[in-house]
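Here's the letter readout for the chains.
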Amino acid sequence: MTPILELRDIHTFIGQYHILQGVSFTAPHGAITALLGRNGAGKTTTLKTIMGLTPPRAGEIRFEGRRIDGKRPFEIAALGIGFVPEHRAIFRDLTVEENLKIAERKKGDYARKQEMIFSLFPDLKRLIHLRGTNLSGGQQQMLAIARALVADNRLLLIDEPSEGLAPVVIEGLMSAIRQLAADSTVILVEQNFLVASQLAEHYVIIEEGRSVKSGRMQDLVNDRAAIHRYLGAA
Amino acid sequence: MTPSAPSFVQQHRIALISLVTLILLPFIVGVFEGASPLEVWSNRSGASKFVQGLAIEIFILALYALSYDLIFGFTGLLSFGHSMFFAVGAYLTGIAIKSFGLNLWQTFGLLMLAAVVQALLFGIVLPRVKGITFALVTLGMSSVFHIVIMSRELGDYTGADVGLQGVIVPDFISPATERLRLYFVALTILVLFYLLYRRFVDSPTGRVCKAIRENEGRAQMLGYNTFLFKLTALTLSSITAAIAGALHTIYQPIVSPDTAGLGFTVTALLIILIGGVGTLNGALVGAVIFRLLDFGLRRYLGESASFINGAIYVLIVLFLPYGIVGAWQLKAAPTFQQMRQGWQRLLEMFGLSRVRRASKE
């Protein structure tokens with residue numbers, strides 16, 4: 001099966017710093033792929049590079065076979081790639097409803113997806129007229145993910161969804177992400193290996209800006225030595 | 001039983017009362033002077049004419065401040081060159097009528113063209129610079145325009161440092177003989193633009209502008225070409241400010257080069273700070289307070305009024321960081337916590353907050 005996303009030898013600089021020094025991987029269609037690695041390994045930069053926020057200086061990125069490196073972020077998003085950045089990047093001054101409506105790519109997207117979104121995140125329905133700034137951390141994260149669902153995205157990039165959230169909220173988010181993967185492909189950056197291993201079918205390990213290992217998540221879960229070596233977890 | 005939704009009149013009662021008051025204002029003032037409505041209608045009431053003049057100035061300022069609120073308050077574009085939008089409208093109207101003998105409609109067409117061109121001029125730098133850099137670049141552009149209108153070479157057209165004088169406006173809106181008509185023309189233009197702006201900020205386009213104000217990168221990640229939205233806001237703002245400038249030329253006997261200076265941009269900024277940044281209503285309320293305060297203090301304190309004026313503005317920004325309309329919307333006197341949030345918001349809008357900068361990286 002052709003991968004939905006393919007990165008080949010990506011090199012990205014932020015200012016003078018060479019952050020990604022050769023990231024290559026493929027994300028299979030309709031599955032969750034977790035990007036794993038220690039803090040500062042380059043996982044978030046990889047997602048930003050895919051989105052065109054930190055454009056690569058070398059290498060190729062293909063989405064559904066088309067090259068997207070060199071395109072601007074709004075052009076990449078318009079192709080059907082949704083990004084849920086870390087730190088619950090919602091619009092604080094807008095209401096929950098406005099945050100969802102602004103993600104429409106075609107008129108009527110929100111009306112069409114409303115039922116599905118509120119079945120995944122029932123809390124949001126109750127808070128619909130509240131401004132983003134008045135939501136709790138978990139609610140903001142739900143809204144950030146819900147926003148990525150409004151448009152028909154075929155690929156979702158989700159950065160650290162569980163960061164700073166209570167375990168009970170993480171449970172809800174995990175089940176929502178699982179349901180999302182039924183309709184679209186997900187690439188997930190997750191520090192919490194337990195969460196990542198329960199969600200993802202595939203993994204890519206990034207170390208010091210290079211992709212060093214990839215494969216099926218089940219194989220990694222059974223490979224204690226690799227987990228210890230690359231992720232520092234036992 | 002569920003409560004029924006408020007009617008249109010209930011929802012907009014303050015706006016409607018204000019509008020009716022403004023329509024009746026010249027006649028009410030006339031009554032106090034002992035003039036009949038017919039005398040007011042035929043511009044024979046001195047006190048009414050005076051109040052109409054003051055109100056026209058407020059309408060012009062409000063229109064100008066609305067245009068600034070759209071780009072700064074709603075789209076987050078901090079421009080220090082906004083006065084150029086106004087001055088281009090003012091000078092172009094004067095020169096078109098005085099030096100080229102164009103009629104009002106021809107002048108209006110030219111004005112629209114110039115407003116779009118100057119918005120595009122500002123738009124050229126939009127993708128390259130942001131925040132305070134954009135403010136400085138726009139200041140540079142308006143300074144060039146200021147120098148051009150002050151130059152002796154163009155003195156025959158612009159009046160150089162003396163200002164543009166002797167513009168003969170058509171009789172039917174002459175501030176001397178048909179001030180009441182000019183009053184209603186200015187009021188109508190203000191109301192129409194207010195409604196247009198209200199529609200704009202509540203539209204999907206307006207929503208994206210608000211998103212850009214908060215975080216442009218996030219808006220791009222949702223698939224929006226933010227440049228086009230900023231350019232749209234700039235163009236609408238430029239057209240509005242140019243029309244305000246044209247009204248200024250029609251009403252005032254002289255167009256001062258100061259209208260192109262930084263000071264006049266600061267006037268727009270002060271008005272929306274007083275009224276409430278990003279509220280639209282704040283531009284209207286702020287213009288009333290700004291002009292009346294200036295008029296009242298100058299009348300009684302002379303030149304030292306500027307000092308008191310400045311002190312009052314500082315106090316308003318300190319204690320009402322959301323402005324008067326913002327404080328009204330809170331429905332209570334702002335708490336210290338709310339004041340801190342308000343100051344933080346202002347710092348973010350001026351690109352001076354470390355939190356904002358960090359979150360944008």
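Here, every reference points to the structure presented above.
Within each chain, residue numbers correspond to sequence positions counted from 1 in written order. Key to labels: chains lettered from A, ligands numbered from 1, both in the order written. Reporting in this predicted model follows two pLDDT cut-offs: at least 70 for local features of residues, and 80 or more for side-chain atom pairs to be given and counted; totals over whole chains, interfaces and linings ignore these cut-offs and use all residues. Only hydrogens and water are removed before side-chain values are computed, so all heavy atoms of the structure are retained for them.

K.L.:
Is there a simple way to think about the overall build of chain B in this case?
P.N.:
Assigned secondary structure in chain B consists of 18 helices and two strands. Taken along its principal axes, the extent of the C-alpha atoms in chain B is 65 × 60 × 45 Å. Looking at chain B as a whole, 51% of its 361 residues are labelled buried. Any pair of residues with heavy atoms lying within 4.5 Å of one another is described as a contacting pair. Restricting to contacts in chain B with at least 6 residues of sequence separation, those with at least 24 account for 72%. Total accessible area on chain B is roughly 17,200 Å²; 69% of this is exposed by carbon and sulfur atoms. When charges are counted, neither His nor the chain ends are considered; positive counts come from Lys and Arg and negative counts from Asp and Glu. Working definition for charges: the position is that of NZ of Lys, CZ of Arg, CG of Asp or CD of Glu. Positive and negative charge centroids in chain B, built from 26 and 17 side chains respectively, lie 11 Å apart. Where helices and strands are cited, they refer to DSSP runs of H or I of at least four residues and of E of at least two residues respectively, numbered from the N terminus. Relative accessibility decides the category of a residue: with a 1.4 Å probe and only protein chains considered, values under 20% of the type maximum give buried, values over 50% give exposed, and everything between is partly exposed. Per-residue and other accessible areas follow the Shrake-Rupley method at a 1.4 Å probe size, with only the shown protein chains counted as cover for residues.

K.L.:
I keep staring at the interface of chain B and chain A and nothing clicks. Help me out?
P.N.:
The accessible area lost on association of the parts is a frequent measure of interface size. Taken together, the 17 residues of chain B in the interface contact 22 residues of chain A. Summed over both partners, the accessible surface that disappears when two parts come together, traced with a 1.4 Å probe, is what is meant by buried area. Contact with chain A buries surface across chain B, with B:Arg207, B:Met221 and B:Leu222 losing the most and accounting together for 38% of the total. By definition here, a salt bridge exists when the distance from a side-chain nitrogen of Lys or Arg to a carboxyl oxygen of Asp or Glu is within 4 Å. Scanning the region where chain B abuts chain A turns up four salt bridges. One salt bridge connects A:Arg92 with B:Glu214, and the closest N-O pair in it is separated by 3.5 Å. Nitrogen and oxygen atoms within 3.5 Å of one another constitute a polar contact, given that in protein one can donate a hydrogen and the other can accept it, and given that sequence-neighbouring residues count only through two side-chain atoms. Linking chain B with chain A are seven residue pairs in polar contact (both at pLDDT 80 or more), by the criterion used here. Residue assignment for the side of chain B that touches chain A shows that the elements contributing at least two residues are helix H10 (204-214) and helix H11 (216-221) of chain B. Looking at which element gives the most residues to the side of chain B that touches chain A, the answer is H10(B), with six residues. Split into classes, the residues belonging to the side of chain B that touches chain A amount to six nonpolar, four polar and seven charged. Residues are grouped as follows: Ala, Val, Leu, Ile, Met, Phe, Trp, Tyr, Cys and Pro are nonpolar; Asp, Glu, Lys and Arg are charged; every other residue, Gly included, is polar.

K.L.:
I'm lost on a nonpolar patch on the surface in this one. Help?
P.N.:
All names here are of chain B. Patch rule: a residue counts if its relative accessible area is over 30% and it has no salt bridge; like charges are joined within 9 Å, and nonpolar side chains (Val, Leu, Ile, Met, Phe, Trp, Tyr) within 5 Å. Taken together, the side chains of Val20, Ile23, Leu24, Ile28 and Phe32 make up a nonpolar region of the molecular surface, amounting to roughly 490 Å² of accessible area. Positionally, phenylalanine 32 belongs in helix H2 (residues 13-33). The exposed category is assigned to phenylalanine 32, whose relative accessible area is 75%.

K.L.:
Explain the packing of H2(B) against helix H4 (residues 46-74) of chain B here, please?
P.N.:
Helix-helix packing is characterised by the crossing angle of the two axes and by the distance between the axes. All names here are of chain B. Angles run from 0 to 180 degrees between N-to-C directions of axes, and those axes are lines fitted to C-alpha atoms, restricted for helices to the stretch in contact. Contact geometry for H2 and H4: axes closest at 8 Å, N-to-C directions at 150 degrees. On the basis of their axis angle, the class for H2 and H4 is roughly antiparallel. Where H2 crosses over H4, the handedness of that crossing is right-handed. In this structure, H2 contributes Leu22, Leu25, Pro26, Val29, Gly30 and Glu33 to the contact, and H4 contributes Gly46, Ala47, Ser48, Val51, Gln52 and Phe59. For the contact of H2 with H4, a count of residues per class yields seven nonpolar, four polar and one charged. Angles below 35 degrees are treated as roughly parallel, those above 145 as roughly antiparallel, those between 65 and 115 as roughly perpendicular, and all remaining angles as oblique. By the definition used in this description, the sense in which the near helix is turned from the far one sets the handedness, with an anticlockwise turn below a right angle giving left-handed and a clockwise turn giving right-handed.

K.L.:
Could you clarify how one ought to interpret the pattern of salt bridges in this entry?
P.N.:
A side chain with one charge may pair with a side chain of the opposite charge, provided their charged atoms come close. Residues and elements named next belong to chain A. This structure, assessed with the given rule, holds 22 salt bridges over all chains. A salt bridge links glutamate 60 to arginine 62; its shortest N-O distance comes to 2.9 Å. Relative accessible area serves as the criterion here: at 25%, arginine 62 is assigned to the partly exposed category. A salt bridge links glutamate 64 to arginine 154, with the shortest nitrogen-to-oxygen separation between them at 2.7 Å. Of this pair, glutamate 64 sits in the loop between strand E4 (58-63) and strand E5 (66-67) while arginine 154 sits in the loop between helix H6 (137-150) and strand E7 (155-159), and the two are 90 residues apart along the sequence. Accessibility expressed as a relative area gives 36% for arginine 154, which makes it partly exposed.

K.L.:
When you look at the sheet that holds E4(A) in this model, what are you seeing that I'm missing?
P.N.:
Sheets are built from strands that pair by backbone hydrogen bonding, the pairs being arranged parallel or antiparallel. Residue and element names in this part refer to chain A. Taken in spatial order, the four strands line up as E2-E1-E4-E5 in an open sheet, and their pairing is antiparallel. Across the chains shown, the open sheet's two edge strands, defined by having one partner strand only, are strand E2 (17-27) and E5. Where E4 lies against E5, two bridges are found, and the strand directions are antiparallel. What sits directly across from arginine 62, in E5, is arginine 67. Any two strands are treated as partners once DSSP identifies two or more bridges connecting them.

K.L.:
Would you mind going over the environment of A:His202 with me for this structure?
P.N.:
Residues and elements named next belong to chain A. Among the secondary structure elements, histidine 202 is positioned in strand E9 (residues 202-207). Assessed through its relative accessible area of 19%, histidine 202 is described here as buried. Not counting residues within four places of it along the chain, the set of residues in contact with histidine 202 comprises Pro28, Ala31, Ile32, Thr33, Ala34, Gly215, Arg216 and Met217.

K.L.:
What is the right way to look at the sheet that holds strand E8 (residues 185-189) of chain A in this model?
P.N.:
Residues and elements named next belong to chain A. If you walk across this open sheet you meet the six strands as E6-E7-E8-E3-E9-E10, and the pairing is mixed. Where the open sheet ends on each side, the last strands, each with one partner, are strand E6 (81-84) and strand E10 (210-216). Direction aside, the axes of adjacent strands within the sheet are offset by 15 degrees on average. As paired strands, strand E3 (residues 32-36) and E9 are joined by four bridges and run parallel to one another. Residue pairing across strands places leucine 36 opposite isoleucine 205, the latter belonging to E9. Each of E3, E6, E7, E8 and E9 is contacted by helix H1 (residues 43-51), which is oriented at about 145 degrees to E7, the strand it contacts most. Lying on the sheet, H6 is in contact with E6 and E7; it crosses E6 at an angle near 175 degrees.

K.L.:
What should I look at first to understand helix H5 (residues 82-98) of chain B in this one?
P.N.:
Because each turn of an α-helix spans 3.6 residues, side chains separated by three or four positions in sequence point in the same direction. What a helix is expected to span follows from its residue count: subtract one and scale by 1.5 Å. The end-to-end C-alpha distance of H5(B) is 25 Å, a good match for the 24 Å that 17 residues give at a rise of 1.5 Å each. Counting buried residues along H5(B), 15 of its 17 residues qualify, which places the element largely inside the surrounding structure.

K.L.:
Teacher, can you tell me more about empty space enclosed by the protein here?
P.N.:
To find leftover empty space, one rolls a probe the size of a water molecule over the atoms. A 1.4 Å probe that fits but cannot get out identifies a cavity on a 1 Å grid over protein atoms alone, an open set with protein on both sides within 12 Å along at least five of seven lines counts as a pocket, and a residue lines either if it has an atom within 4 Å of a point. Grid points are joined across faces, edges and corners, and a volume is the space filled by probe spheres set on the points. By the definition in use, this model includes two cavities of 30 Å³ or more. If you trace the largest cavity, you find it lined by A:Ile81, A:Gly82, A:Phe83, A:Ala103, A:Arg105, A:Arg147, A:Ala148, A:Ala151, A:Asn153, B:Met221 and B:Leu222. Among the elements that make up the lining of the largest cavity, the one with the highest residue count is E6(A) (three residues). Residue composition of the lining of the largest cavity, grouped by class: seven nonpolar, two polar and two charged. Of the volumes computed, that of the second largest cavity is approximately 30 Å³. Broken down by secondary-structure element, the contributors of at least two residues to the lining of the second largest cavity are helix H7 (167-180) and helix H8 (193-199) of chain A. Top contributing element to the lining of the second largest cavity by residue count: H7(A), with four residues. Here the residues of the lining of the second largest cavity sort into seven nonpolar, one polar and one charged.

K.L.:
Quick question: what am I supposed to make of the pairing of E3(A) here?
P.N.:
Side-chain direction in a regular strand flips from residue to residue, so the side chains alternate between the two faces of the sheet. Residues and elements named next belong to chain A. Summarising burial for E3: five of the five residues are buried, a large majority. Here E3 shows a buried face lined by Ile32, Ala34 and Leu36 and a second buried face lined by Thr33 and Leu35. Strand direction decides the pairing type here: E3 and E8, joined by four bridges, are parallel. Pairing of isoleucine 32 across the sheet is with valine 186, part of E8.

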